[in-house]
Every structure is written in structure tokens, then in C-alpha cells.
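The chain contents come next:
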Amino acid sequence: AAGGAAAALAAAAPASVGSMPLLNWSSQRLTAAALADRGLPDVLAAVRPRTLWLHDNSLGPDGAADVGAALGAAPVRAVRLTLASNNIGDEGVVAVFGGIGAERSTELRSLSLALNSITDASASVLGGWLAPPAQLGAAARPVLSADGSEAASAGSAEDVDLVRVRVRVRVGVR
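Residues numbered from 1 in each chain as written. Predicted model: local features only at pLDDT ≥ 70, side-chain atom pairs only at ≥ 80, totals over all residues. Heavy atoms only, no water.

Engineer: How do you make sense of the overall build of the protein chain when you look at a structure like this?
Structural biologist: Secondary structure assignment for the protein chain yields seven helices and five strands. Put simply, 72% of the contacts in the protein chain that link residues at least 6 apart link residues at least 24 apart. For the protein chain, the exposed area adds up to about 8500 Å²; of that, 53% sits on carbon and sulfur atoms. (Helix = DSSP H or I, 4+ residues; strand = E, 2+ residues; numbered from the N terminus. Contact = heavy atoms within 4.5 Å. Areas by Shrake-Rupley, 256 points an atom, 1.4 Å probe, with all protein chains shown as cover.)

What follows is the structure, encoded as C-alpha cells:
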């Protein structure tokens, strides 16, 4: 059933946002179970999105793990991912990037994790996952900005690699 639904969703999906194929499942009250029912891996294979909007749902850590696994197996690497306001927590941050994989996570250029009850522990995880592979050298490593602003890499103007990361972290709040 999920395969037929994937084909129907792929046919109805918008072709792109700008020049990037888009899958917009934001604000649909999705849970981890709903992602499974919709056949997320099949939809990603059919639509081949470079932008995935999943903000304002109820995915939780299990849904974040499912998103990560689906993106890790997808035929096209996503460059924009919004998971804001999904209550994924630190466990979900680790799960989504564990599923995507270190090599594929370096393709992300825009990431929103705001309003997910994550802590400074997640910021450390993000820094490790989003840094380019070591063979690119320190000059190409992007500077991650926790306030959502774009930041250039530490290299010369020719080495600039822009990354947008939106994360709200509350440290020491109980």
C-alpha cells in the first residue's frame, strides 16, 4: 500500500522550490507511525527531493530516527532539512544524523532544529556530523551558527562554504 501511496504522492508533489525538488510534509500532525504509513523511503525515492520540510509535526525521537534512516538510503542527498518543532530532543538529533550517516550529512546546507527541547549536548553532536570530512582540511570547515545566521568557513573567499543552522538550545534550564 505504501508503494502505491508513494507514487500518488510523487505525482501530486510540487516539482521544486526554486531549483530544488521539495517534499513539504510540514504542519500535518505527523508521528513516527504516520511516516511509516506514508512510506517515507518510497516517497523519497519517487520525489527525489533536495529539500525536505517536516517542521511543526510530532515526530519525536523515533520519527527523527526514521527520517534519518530514510534520508541515508535515499537516492538523492538532501541539502535542506527542517525538523523544527517536532519534540525530537537530544536523542532525536543523534538518531537523525546516525541514520543519515556522516558522509551524507556533509551535504546539508540548511538545517532547522529549533523548538525541539535539545540541549548543548546536541550542539556538540551537530558540530561533529556537519563538519566536512577531514581530507577537505580545516580551511573548508564551515563555522556553524547556533542563532540561525549564515556563516562562512574559516578559509579564503574562494573556500567559502555557507551553512545555515537554526538551533535553539537552552542550557541549564530545568
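Engineer: Help me understand helix H3 (residues 40–47), please; the structure alone is not making it clear to me.
Structural biologist: Note on helix geometry: an α-helix contains 3.6 residues per turn, so any two residues three or four positions apart are oriented the same way. Listed as buried for H3 are Leu40, Val43, Leu44 and Val47. Buried residues along H3 cover an arc of 100 degrees about the axis, so they all sit on one side. Count one or two residues on from H3 and you reach Arg48, which has phi positive near 55 degrees. (Buried < 20%, exposed > 50% of the residue type's maximum accessible area, 1.4 Å probe, protein only. Arc of directions from axis to C-beta.)

Engineer: What should I look at first to understand the nonpolar core in this one?
Structural biologist: Generally speaking, a soluble globular protein has its nonpolar side chains buried in company with each other. Within the largest apolar cluster, 30 residues are counted, with the highest numbers of intra-cluster contacts made by Val67, Phe97 and Leu113. Aside from chain neighbours lying at most four places away, what touches Val67 is Leu35, Leu40, Leu52, Leu54, Leu59 and Val96. (Core = buried A, V, L, I, M, F, W, Y, C linked by side-chain atoms within 4.5 Å.)

Engineer: Just checking my understanding: could you explain unusual backbone geometry for this structure?
Structural biologist: Apart from glycine, the bulk of residues carry a negative phi angle, and the bulk of peptide bonds sit in the trans form. Residue Asp56 is not a glycine yet carries a positive backbone phi of 60 degrees. Examined against the element boundaries, Asp56 turns out to sit in the loop between strand E2 (51–53) and helix H4 (60–73). Taking relative accessible area as the criterion, Asp56 reaches 38% and is therefore assigned partly exposed. Not every positive phi belongs to a glycine, and Ser117 is a case in point at roughly 55 degrees.

Engineer: Before we go on, may I ask you to explain the environment of Ser112 in this structure?
Structural biologist: Mapping Ser112 onto the fold places it in strand E4 (residues 110–112). On the accessibility criterion, Ser112 (8% relative accessible area) is buried. Taking C-alpha positions, Ser112 is 5.8 Å from Leu83, a pair spaced 29 residues apart along the chain.

Engineer: Looking at this structure, how should I read the packing of H3 against H4?
Structural biologist: When two helices pack together, their arrangement is captured by the angle between the axes and the distance separating the axes. It is the contact of H3 with H4, at a shortest axis distance of 9 Å, that shows an interaxial angle of 40 degrees. In the crossing of H3 with H4, the sense of the turn from one axis to the other is right-handed. In this structure, H3 contributes Leu40, Pro41 and Leu44 to the contact, and H4 contributes Asp66, Val67, Ala70 and Leu71. When its residues are assigned to classes, the contact of H3 with H4 shows six nonpolar, no polar and one charged. (Axes fitted to C-alpha atoms, helices over the stretch in contact; angles between N-to-C directions. Left-handed = near helix turned anticlockwise from the far one by under 90°. Nonpolar A, V, L, I, M, F, W, Y, C, P; charged D, E, K, R; others polar.)

Engineer: Help me out: how do you make sense of H4 in this one?
Structural biologist: For H4, built from 14 residues, the straight-helix expectation of 20 Å at 1.5 Å per residue is met to within 8% by its first-to-last C-alpha distance of 20 Å. Residues of H4 that are buried: Gly60, Gly63, Ala64, Val67, Gly68, Ala70 and Leu71. Seen end-on, H4 carries its buried residues on one side only, within an arc spanning 165 degrees. Residues of H4 that are exposed and angled more than 90 degrees away from the buried face: Asp62 and Ala73. (Expected span 1.5 Å × (residues − 1).)

Engineer: Is there a simple way to think about the side chain of Asn86 in this case?
Structural biologist: Relative to the assigned elements, Asn86 resides in the loop between strand E3 (80–82) and helix H5 (89–100). By relative accessible area, Asn86 is classed as buried at 1%. A distance of 3.3 Å separates the side chain of Asn86 from the backbone oxygen of Ala84, its partner in a polar contact. Setting aside residues up to four positions removed in sequence, Asn86 forms contacts with Leu54, His55, Asp56, Asn57, Ser58, Leu59, Gly60, Leu115 and Asn116. (Polar contact = N/O pair within 3.5 Å; in protein donor to acceptor, adjacent residues only side chain to side chain.)

Engineer: Honestly, the packing of H4 against H5 in this entry has me stumped. Any pointers?
Structural biologist: Between H4 and H5, the shortest axis-to-axis distance is 6 Å and the interhelical angle comes to 15 degrees. Relative to H5, the element H4 lies roughly parallel. As H4 packs across H5, the resulting crossing turns out to be right-handed. In contact with Pro61, Ala64, Ala65, Val67, Gly68, Ala69, Leu71 and Gly72 of H4, H5 contributes Glu91, Gly92, Ala95, Val96, Gly99 and Ile100. Its residues placed into classes, the contact of H4 with H5 shows nine nonpolar, four polar and one charged. (Parallel < 35°, antiparallel > 145°, perpendicular 65-115°, else oblique.)

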